[in-house]
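Inside the fold
Listed here are the chains, written in short residue letters.
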Amino acid sequence: MAEKKLTGKHVAMIFVGAFGIIIAVNVALAVSAVRTFPGLEVKNSYVASQEFNTRLHDQLALGWQVNADYVDGRLILAITDEEGGAIKPNTLEAVVGRPTHVKDDVTPDFQFDGAAYVAAVPLGRGNWNIRMKATSADGTEFIQRVVFRVKKES
């Protein structure tokens, strides 16, 4: 049986093939990342940065704490004051979605039950975010992203 030699052509083909695979995988991952995450948090980041400290101070002065839980197919969003008492803001807008993409985003129909806001929402296992905006009685805007984890399928 004749022994085959490793020539310069073979080494060049191995080199080009290996880097071709690496480049193809990187391009595929970059395209997937751009398609699934819009990357837009605010319309004008400069204006948002100029107002950030004022909004933060006003929001912290409210003393609100927000907690989310998911139990038996129900999403529970509790907004409490510093003493733990339930808060019912004048307005509440919320979008629930995955942290990595917007295709699973839903707007739950929250109902206040006297202690928390509750909505029946079918969510899969994993990490979720609630992007909420509420308004206090004096008109102060409260904006927060609440992170929670679903451990079982609903």
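What comes next is a walk through the structure. Being a predicted model, the structure only gives us computed values, none of them experimental.

The rules behind the values
Residues numbered from 1 in each chain as written. Predicted model: local features only at pLDDT ≥ 70, side-chain atom pairs only at ≥ 80, totals over all residues. Heavy atoms only, no water. Pairing = 2+ DSSP bridges. Helix = DSSP H or I, 4+ residues; strand = E, 2+ residues; numbered from the N terminus. Axes fitted to C-alpha atoms, helices over the stretch in contact; angles between N-to-C directions. Salt bridge = Lys/Arg side-chain N within 4 Å of Asp/Glu carboxyl O. Buried < 20%, exposed > 50% of the residue type's maximum accessible area, 1.4 Å probe, protein only.

1. Considering the sheet that holds strand 2 (residues 74–80)
Strand order in the open sheet formed by four strands is 1-2-5-4, and the pairing between neighbours is antiparallel. The sheet is open, and its two edges are formed by strand 1 (65–71) and strand 4 (111–112), each paired on a single side. Pairing analysis gives two bridges linking strand 4 to strand 5 (residues 117–120), with the strands arranged antiparallel. Paired with Phe112 across the two strands is Tyr117, which belongs to strand 5.

2. Comments concerning the sheet that holds strand 3 (residues 91–97)
The strand order 3-6-7 describes an open sheet built from three strands, whose pairing is antiparallel. Of all strands in the sheet, those bounded by a partner on one side alone are strand 3 and strand 7 (141–150). When strand polarity is set aside, the average angle formed by the axes of neighbouring strands in this sheet is 20°. In the sheet, strand 3 pairs with strand 6 (residues 126–135) via seven bridges, with the strands oriented antiparallel.

3. A word on the pattern of salt bridges
Summed over all chains, the structure comprises four salt bridges. A salt bridge links Asp104 to Arg98, with the shortest nitrogen-to-oxygen separation between them at 3.9 Å. Relative accessible area serves as the criterion here: at 31%, Asp104 is assigned to the partly exposed category. Residue class for Arg98 comes out buried when judged on its relative accessible area of 19%. Notably, a salt bridge pairs Glu141 with Lys133, separated by 3.9 Å at the nearest N-O pair. Judged by its relative accessible area of 36%, Glu141 falls in the partly exposed class.

Interpretation note: all reported values are geometric properties and have no functional meaning in isolation.
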